[in-house]
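The residues making up each chain are set out below.
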Amino acid sequence: MTNPGTQGKPLRLFNSLTRKVEEFHPMNRAETRIYSCGPTVYNDAHIGNLRAYVFTDTLRRALTWKGQTVKHVINITDVGHLTSDQDEGEDKMELASQKMARDIWQIADHFTRAFKDDLRKLNVLRPSLWSTATDHIQEMIACAERLQRAGVTYELPTGLYFDTTKVPNYGSLSLTPMEGQSEGARVERIEGKRNPSDFAIWRRSPETGGKRQMEWLSPWGAGAPGWHLECSVMSMKYLGSPFDIHTGGIDHREIHHCNEIAQNQACTGADHSGANWWMHNNFLVDRSGKMSKSKGEFATLTSLIKRGIHPLAFRLLCLSTHYRSELEFSPEIVAGQQVRLKRLLGAVTALRLKVAPGEWLRIPREIAYSSGASLSYPRSVLENTLSPEAQQFVQSFDGELAEDLMTPRLLPILDEVLGHAKLSPEDKLRVIASMDMVLGLNLLDTRRVDLSVRPESAPLSEQEVEALLLQRQEARKAKDFARADQIREQLNLAGIDLMDGQQPAWEWRPSLA
RNA sequence: GGCCGGGUGGCGAAGUGGUCUAACGCUGAGGUCUGCAAAACCUCCAUUCGUGGGUUCAAAUCCCACCCCGGCCUCCA
């Protein structure tokens, strides 16, 4: 039977706490516990948000591929939090509710579904547990009371605040020294705060301006929990303290996670930050800078699909860059990855035609139903019969993966295997199947044609295309090449690429304008 | 203003002291195939790593200066 723990090269991961790549050891040899900061559901996720979950998914897949069992929790922030600048005082959920003229709970529900739907399209595995902030309000209040008893809080008219000087090494995760920060430079200063870095644990509802849709009674009056509280409460509740890995976007390193750590420390009475590893993915950027929900205009997965981009092309784009590097985005770039993915799928399909059907071909698909189990057994089924030469590829794959998840280095290995002159088709497929359990590109079950997505702007329907194609076939049979070429040109202008002799004989081209 | 990152071919992106005349992908060029194309396959495409100095037997990789870009300090993945 498979032994718990890590197989292959020791996994090394960058730890934001020490700012070094360190060998990873789970606290419990049999299980790694991960908490990922999830989205605030007041809006569609933009593709920059989604990059974060492709990253945590890759982390989780890598751990299970290397033999670990993983318990992965992602939270949903459905409590509103302060909007910025001119919207001071309102919160994002309330604002979205007004804009869409819908109940705030409907807003939360709608965007939670949309978010989960995006992840499914990206082939991100479901976490072991989704945890929702509003399901934990009472526990947050209890935690706030514990913090109060610990003597790290003080009350102001606006709510209950955390005194960040009361915990050791506040802000050590951040790279910004406290002295350099100019509080109030861009956001209104809260009257009475003892230290610039102090933050709200409980936000009391304003006296004026009517009742908020989302508010709860508490020892500090009606209001809502501070944003940082939910992650402390939910991560400890489901994963214990300390647990193994806490992930989030790189922006969380400076404020949110520092505050979370302070709460954890005060709550447990220990100096420990609450997680052994803090990992942060870098931003997706375009020429104008990082993508941001609050900027208004942003690209969503749905908007990419409407252009004729398949979600898996976006996943491949994410994998083509290391998670700690900024990733440059443009429609052209992701379309390029789509071409790459098409070629990969074509090559895999060609291999499948050469290999006798077997149960093992189903394996990569099955992990979609796993809630974090080790992949040791499926791997052994795939890899046990491998030739030494094929084994080599698995080994180099393992080596690159073990080095802080070097996904950009993984992809060339895929190309090498496919193009290898000596490996048997079955060995190639088995190696690719194993690697794809980490990459999550659905390489064995996606066909090239699946990537052909009709752009919303396409002037022709599929039926119209088929009809024109038929006419063209007739013209070709009759050797009326002028007519045939004219139809091809017409289809071309409509965003359709023809491939005579292929099945299917045409596909949509993404619309990049 | 303070603090962090980063600048590698047309584009994305690996590489952080020698195996780098710089992986891989996209684009492009040529070829095979084709009525012609497309798809597929094959071949080719940076003596150079923002600029200028320095250290070293050896630098894209280390040091200094300068220029440019981005992020954070405000909700944010």
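Because the structure is predicted, anything quoted here is derived from the model rather than measured.

Help me understand the sheet that holds strand β3 (residues 31-36) in this model?
The pairing of strands in a sheet comes from backbone hydrogen bonds and takes either a parallel or an antiparallel form. The sheet built from five strands is open, its strands ordered β5-β4-β3-β10-β11 with parallel pairing. One side of each edge strand has no neighbouring strand; the edge strands of this open sheet are β5 (129-132) and β11 (275-281). Strand-to-strand twist across the sheet, computed as the mean angle between neighbouring axes with direction ignored, equals 20 degrees. The sheet contact formed by β3 and strand β4 (residues 69-76) spans six bridges and is parallel.

In this structure, what is going on with the pattern of salt bridges? I would like to understand it.
Pairing is possible between side chains that carry opposite charge, provided their charged atoms lie close to one another. Per the counting criterion, the structure on display carries 28 salt bridges. In this structure, Lys166 and Asp163 form a salt bridge, with 3.9 Å as the shortest nitrogen-oxygen distance. Judged by its relative accessible area of 43%, Lys166 is partly exposed. The salt bridge involving Asp404 is made with Arg324; its shortest N-O contact spans 2.7 Å. With Asp404 in the loop between α12 (388-402) and α13 (407-419) and Arg324 in the loop between α8 (311-319) and β14 (327-328), the pair connects residues that are 80 residues apart, well separated along the chain. Residue Asp404 is classed as buried on the basis of its relative accessible area of 2%.

What is the right way to read the side chain of Thr32 from this model?
Following the sequence through the fold, Thr32 ends up in strand β3. Since its relative accessible area comes to 0%, Thr32 is described here as buried. There is a polar contact of 2.5 Å between the side chain of Thr32 and the side chain of Gln68. Setting aside chain neighbours within four positions, we find Thr32 in contact with Phe24, Pro26, Leu63, Gln68, Thr69, Val70, Lys71, Asp244 and Ile245.

Would you explain the pairing of β11 in this entry?
In the case of a regular strand, side chains alternate between the two sheet surfaces. Of all the seven residues making up β11, six are buried; the element is thus mostly covered by neighbouring parts of the structure. Pairing of strand β10 (residues 243-249) with β11 involves six bridges; the strand directions are parallel. Its bridge partner lying in β11, Phe243 is registered against Ala275.

Can you help me understand helix α4 (residues 137-149) in this one?
Because an α-helix completes one turn every 3.6 residues, residues spaced three or four positions apart along the sequence face the same direction. Taking 1.5 Å of rise per residue, 13 residues should cover 18 Å, and α4 covers 18 Å from first to last C-alpha, within 8% of that figure. For α4, every residue scored as buried is listed here: Ile137, Met140, Ile141, Cys143, Ala144 and Leu147. Looking straight down α4, one finds its buried side chains confined to an arc of 160 degrees; they lie on one side. Among the exposed residues of α4, those oriented more than 90 degrees off its buried face are Gln138 and Arg149. If you follow the buried residues of α4, they end up packed against β6 (153-156), β7 (159-162), β8 (199-204), β9 (223-225), α5 (227-239) and α6 (256-268).

For this particular structure, what's the right way to read the packing of helix α11 (residues 376-383) against helix α14 (residues 425-439)?
If you want to describe how two helices pack, look at the angle between their axes and the distance between the axes. Viewed as axis vectors pointing N to C, α11 and α14 meet at an angle of 160 degrees, and their least axial separation amounts to 9 Å. Compared by their axis directions, α11 and α14 come out roughly antiparallel. Where α11 crosses over α14, the two elements pack in a sense that is left-handed. Contacts between α11 and α14 involve Pro378, Arg379, Val381, Leu382 and Glu383 on the former and, on the latter, Arg430, Ala433, Ser434 and Met437.

I keep staring at the domain arrangement of chain A and nothing clicks. Help me out?
Note: interface size is frequently given as the accessible area lost on complex formation between the parts. Considered domain by domain, chain A is made up of domain 1 (12-287), domain 2 (301-449) and domain 3 (460-508). Relative to domain 2, the C-alpha centre of domain 1 lies at a distance of 32 Å. The interface is formed by 39 residues belonging to domain 1 together with 46 residues belonging to domain 2. For the pair domain 1 and domain 2, the summed buried surface comes to about 3,700 Å²; carbon and sulfur atoms form 58% of the total. For the pair domain 1 and domain 2, the number of links is three salt bridges. The partner of Arg315 in a salt bridge is Asp57, and the shortest N-O contact between them spans 2.8 Å.

Scoring rules and cut-offs
Residues numbered from 1 in each chain as written. Chains lettered and ligands numbered in written order. Predicted model: local features only at pLDDT ≥ 70, side-chain atom pairs only at ≥ 80, totals over all residues. Heavy atoms only, no water. Pairing = 2+ DSSP bridges. Helix = DSSP H or I, 4+ residues; strand = E, 2+ residues; numbered from the N terminus. Axes fitted to C-alpha atoms, helices over the stretch in contact; angles between N-to-C directions. Salt bridge = Lys/Arg side-chain N within 4 Å of Asp/Glu carboxyl O. Buried < 20%, exposed > 50% of the residue type's maximum accessible area, 1.4 Å probe, protein only. Polar contact = N/O pair within 3.5 Å; in protein donor to acceptor, adjacent residues only side chain to side chain. Contact = heavy atoms within 4.5 Å. Expected span 1.5 Å × (residues − 1). Arc of directions from axis to C-beta. Parallel < 35°, antiparallel > 145°, perpendicular 65-115°, else oblique. Left-handed = near helix turned anticlockwise from the far one by under 90°. Domains from an automatic or database assignment. Buried area = accessible area lost by both parts, 1.4 Å probe.

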